[in-house]
Amino acid sequence: MKLVMAVIKPFKLDEVREALTELGVQGLTVTEVKGYGRQKGQTEIYRGAEYAVSFLPKVKVEVAIDDEQTDGVVEAVAKAANTGRIGDGKIFVVDVASAMRIRTGETGAEAL
């Protein structure tokens, strides 16, 4: 099993969710987060005063999947989240040692 974590621009969330649904992904977790990458934030002007925004709003999408779905999920997220501009985000893939569905006690891939 794998855990795919994608940090994306907030307005791309619906497109990413739709792409994952088309692949048969049954559930995902979404968290509103803030951060920065190479762009180191941005400068904005508010009421005539310029100020730096150090942390930009992002959305973190987490999906637990079977190993064989990994390439398809990563490709779908990358395609759906891409704007071609700086700050599109990152995708991380992490091994999952175990999983359990609390309601039924199912473990492993059955719990997904």
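Above this text is the structure in question.
As the structure is a prediction and not an experimental result, all values here were calculated from the model. (Residues numbered from 1 in each chain as written. Predicted model: local features only at pLDDT ≥ 70, side-chain atom pairs only at ≥ 80, totals over all residues. Heavy atoms only, no water.)

Caption draft 1: Geometry of helix α2 (residues 70–81). Across its twelve residues, α2 extends 16 Å between first and last C-alpha, which sits within 8% of the 16 Å expected from 1.5 Å per residue. Within α2 the residues assigned to the buried category are Thr70, Val73, Ala76, Val77, Ala80 and Ala81. Viewed along the axis of α2, the buried residues span an arc of 140 degrees, placing them on a single side of the element. Counted as exposed and oriented over 90 degrees from the buried face of α2: Asp71, Glu75 and Lys79. (Helix = DSSP H or I, 4+ residues; strand = E, 2+ residues; numbered from the N terminus. Expected span 1.5 Å × (residues − 1). Buried < 20%, exposed > 50% of the residue type's maximum accessible area, 1.4 Å probe, protein only. Arc of directions from axis to C-beta.)

Caption draft 2: Quick peek at the pattern of salt bridges. Tallying each qualifying case throughout the model produces five salt bridges. We note a salt bridge from Glu62 to Lys60, for which the minimum N-O separation is 3.9 Å. (Salt bridge = Lys/Arg side-chain N within 4 Å of Asp/Glu carboxyl O.)

Caption draft 3: Examining the nonpolar core more closely. Counting 16 residues, the largest nonpolar core has Ile8, Val16, Leu20 and Val73 as the members making the most contacts within it. Those elements giving two or more residues to this core turn out to be β1 (2–8), α1 (13–22), β5 (56–65) and α2. Counting residues per element, this core draws most heavily on α2, at five residues. Not counting chain neighbours up to four residues away, the residues in contact with Val73 comprise Val4, Leu20, Leu23, Val25 and Ile65. (Core = buried A, V, L, I, M, F, W, Y, C linked by side-chain atoms within 4.5 Å. Contact = heavy atoms within 4.5 Å.)

Caption draft 4: Region of the structure containing the side chain of Lys2. As for its placement among the helices and strands, Lys2 is situated in strand β1. Only 2.3 Å separates the side chain of Lys2 from the side chain of Asp95, close enough to count as a polar contact. With residues up to four places along the chain from it excluded, the contact list for Lys2 reads Val63, Ala64, Ile65, Asp67, Thr70, Val93, Val94, Asp95 and Val96. (Polar contact = N/O pair within 3.5 Å; in protein donor to acceptor, adjacent residues only side chain to side chain.)

Caption draft 5: Spatial organisation of the packing of α1 against α2. Between α1 and α2, the shortest axis-to-axis distance is 8 Å and the interhelical angle comes to 150 degrees. As the angle between them shows, α1 and α2 are arranged roughly antiparallel. The crossing of α1 and α2 is right-handed. On α2, the residues that touch Glu15, Val16, Ala19 and Leu20 of α1 are Val73, Ala76, Val77, Ala80 and Ala81. (Axes fitted to C-alpha atoms, helices over the stretch in contact; angles between N-to-C directions. Parallel < 35°, antiparallel > 145°, perpendicular 65-115°, else oblique. Left-handed = near helix turned anticlockwise from the far one by under 90°.)

Caption draft 6: Examining the sheet that holds strand β6 (residues 89–95) more closely. Pairing is antiparallel across the open sheet formed by four strands, whose spatial order is β2-β5-β1-β6. This sheet does not close on itself; its edge strands, each paired only once, are β2 (29–35) and β6. Across the sheet, the mean angle separating the axes of adjacent strands is 20 degrees when strand polarity is ignored. Pairing analysis gives seven bridges linking β1 to β5, with the strands arranged antiparallel. The residue of β5 that forms the bridge with Leu3 is Ala64. Running over the sheet, α1 touches β1, β2 and β5 and is turned about 10 degrees from β5. (Pairing = 2+ DSSP bridges.)

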